[in-house]
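# Summary of the model geometry
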Amino acid sequence: MLKITSVENASAERLLVVEGRLVGPWVKELETAVSGLGTIPGCMYIDVAAVSFVDTRGIRLLHRLMNQGVVLQSVSPFVQELLNMKP
């Protein structure tokens, strides 16, 4: 299960708070949530602090989103390792 909460601040930046497991059909749910916001690159943030597991499709989506200018926030050491990100 994956919970996605959208938050907007006064400067038109968008934050999606993602909680749960980014696997299987939930990967498409996150992709749909991001594309549905229609924000400009650099104004989208995804908080993944409460993500407990990410499968291969989820990792590919996160990489693609980062390449499009989405910023991941509160990345756990587990997710950092999966993404091969520096802490």
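Residues numbered from 1 in each chain as written. Predicted model: local features only at pLDDT ≥ 70, side-chain atom pairs only at ≥ 80, totals over all residues. Heavy atoms only, no water.

## Points about the overall build of the protein chain
Scanning the protein chain from terminus to terminus reveals three helices and four strands. Written out in order from the N terminus, the α and β elements of the protein chain read β-β-α-β-α-β-α. Taking all 87 residues of the protein chain together, 36% fall into the buried category. (Helix = DSSP H or I, 4+ residues; strand = E, 2+ residues; numbered from the N terminus. Buried < 20%, exposed > 50% of the residue type's maximum accessible area, 1.4 Å probe, protein only.)

## Looking at the pattern of salt bridges
Evaluated as defined, the whole model comprises two salt bridges. Between Arg-64 and Glu-31 there is a salt bridge, with its nearest N and O atoms 2.7 Å apart. In this pair, Arg-64 is assigned in helix α2 (residues 56-67) and Glu-31 in helix α1 (residues 25-37), connecting sequence segments 33 residues apart. According to the relative accessible area criterion, Arg-64 is partly exposed, its value standing at 37%. Taken together, the shared-partner salt bridges connect Lys-28, Glu-31 and Arg-64 into one network. (Salt bridge = Lys/Arg side-chain N within 4 Å of Asp/Glu carboxyl O.)

## Some thoughts on the environment of Leu-16
Among the structural elements, Leu-16 can be located in strand β2 (residues 14-22). Excluding residues that lie within four positions of it along the chain, Leu-16 makes contacts with Ile-4, Thr-5, Ser-6, Leu-30, Ala-33, Val-34, Leu-37, Met-44, Tyr-45, Ile-46 and Asp-47. (Contact = heavy atoms within 4.5 Å.)

## Looking at the sheet that holds strand β3 (residues 44-54)
Strand order in the open sheet formed by four strands is β1-β2-β3-β4, and the pairing between neighbours is mixed. Sheet topology places β1 (2-8) and β4 (71-73) at the edges, where each strand pairs with a single neighbour. Adjacent strand axes in the sheet meet at a mean angle of 25°, parallel and antiparallel pairs treated alike. Looking at chain direction, β3 and β4 are connected through three bridges and run parallel. What sits directly across from Asp-47, in β4, is Gln-73. Lying on the sheet, α1 is in contact with β1, β2 and β3; it crosses β2 at an angle near 175°. (Pairing = 2+ DSSP bridges. Axes fitted to C-alpha atoms, helices over the stretch in contact; angles between N-to-C directions.)

That is the geometry; function is a separate question.
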